[in-house]
Amino acid sequence: MSTVYLPVEATIPGMTSAERAEAIDAEVWCLVRPASVQLPQDTKYIYPRITHPTTGQVAIVGDTDEQVRIHQDVDLTELLLLLPEVPQAEKDGLVAYIDANRGGSVPFSTLIPSSSSQLTQAEAESAGWFPDDLI
């Protein structure tokens, strides 16, 4: 297992880091269970999130080795809208990759955009993501 902390920038006008992280998390869950097949009692999120104690920025916490199941009816439209900083060629590659793996699984690490900051546990600690009284 390789834990990764993915700090989410507030790059979409009108969305905070927390709101964008929540929306991205929900859309990654939709890879596994699209909104079209979700039930009201279903969870809406797949990953834990943490908030930096001084900046308020939110990070999604994942495992790069985790296999993410891709539902046959997946729709990437909303997820792609949440990634305006990702180059179009990379988005197109993600769409092709997900399409090729419908009904299968992909490593979580392949879903992380190249433009995303990725921190190890040690880097997150060093960057102050955990208050001193928790370490």
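Details of the structure are given in the entry above.
What you see is a predicted model; the values in this text were computed from it and never measured. Residue numbers here run from 1 along each chain, matching the order of that chain's written sequence. The predicted nature of this model means local features are confined to residues of pLDDT at least 70 and side-chain atom pairs, given and counted, to a pLDDT of 80 or more, with totals for whole chains, interfaces and linings taken over all residues. Computation of side-chain values: all heavy atoms of the structure, hydrogens and water removed.

Colleague: Please set out the side chain of glutamine 38 residue by residue, giving values where relevant.
Modeller: Think of it this way: any DSSP run of H or I at least four residues long counts as a helix, any run of E at least two long counts as a strand, and we number them from the N terminus. Note that glutamine 38 resides in the loop between helix 1 (17–32) and strand 2 (49–51). In this structure glutamine 38 comes out as buried when scored by relative accessible area, which is 16%. Polar contacts, as used here, are pairs of N or O atoms within 3.5 Å; protein pairs need one atom able to donate a hydrogen and one able to accept it. Residues neighboring in sequence count only if both atoms are side-chain atoms. At a separation of 2.7 Å, a polar atom in the side chain of glutamine 38 contacts the main-chain carbonyl oxygen of arginine 33. There is a polar contact of 3.2 Å between the side chain of glutamine 38 and the side chain of lysine 44. Contacts between residues were defined by any pair of non-hydrogen atoms, one from each residue, lying within 4.5 Å. With near-sequence residues (within four places) excluded, glutamine 38 lies in contact with Trp29, Cys30, Arg33, Thr43 and Lys44. Only protein chains enter the accessibility calculation, which uses a 1.4 Å probe; a residue is then buried when its area is under 20% of its type maximum, exposed when over 50%, and partly exposed in between.

Colleague: Quick rundown of the sheet that holds strand 1 (residues 3–8)? Include the residues and the values.
Modeller: In space, the three strands of this open sheet follow the order 1-3-2, with antiparallel pairing throughout. In the strand order of this sheet, the two ends are held by strand 1 and strand 2, each with one partner. The average angle at which neighbouring strand axes cross in this sheet is 30°, direction not considered. Two strands make a pair as long as DSSP finds a minimum of two bridges between them. Inspection of the sheet shows strand 2 paired to strand 3 (residues 58–63) by three bridges, in the antiparallel sense. Bridge pairing in strand 3 links isoleucine 50 to alanine 59. Across the sheet, helix 1 lies against strand 1, strand 2 and strand 3, angled at about 30° from strand 3, the strand it touches most. A fitted line through C-alpha atoms represents every axis, and for helices the fit uses only the stretch in contact; the resulting angles, taken between N-to-C directions, go from 0 to 180 degrees.

Colleague: Just give me the short version of helix 1, but keep the residues and values in it.
Modeller: Count 3.6 residues to each turn of an α-helix, and residues three or four apart come out pointing the same way. Over its 16 residues, helix 1 runs 23 Å from end to end, which matches the ideal 22 Å to within 8%, given 1.5 Å per residue. In this structure, the buried side of helix 1 is in contact with strand 1, strand 2, strand 3, strand 4 (67–69) and helix 2 (77–81). What a helix is expected to span follows from its residue count: subtract one and scale by 1.5 Å.

Colleague: I'd like a rundown of the pairing of strand 3, residues and numbers included.
Modeller: Counted residue by residue, strand 3 has six buried out of six residues, so it is predominantly covered. The antiparallel hairpin formed by strand 2 and strand 3 contains six residues in its connecting segment, where glycine 56 sits at a positive phi of about 80°.

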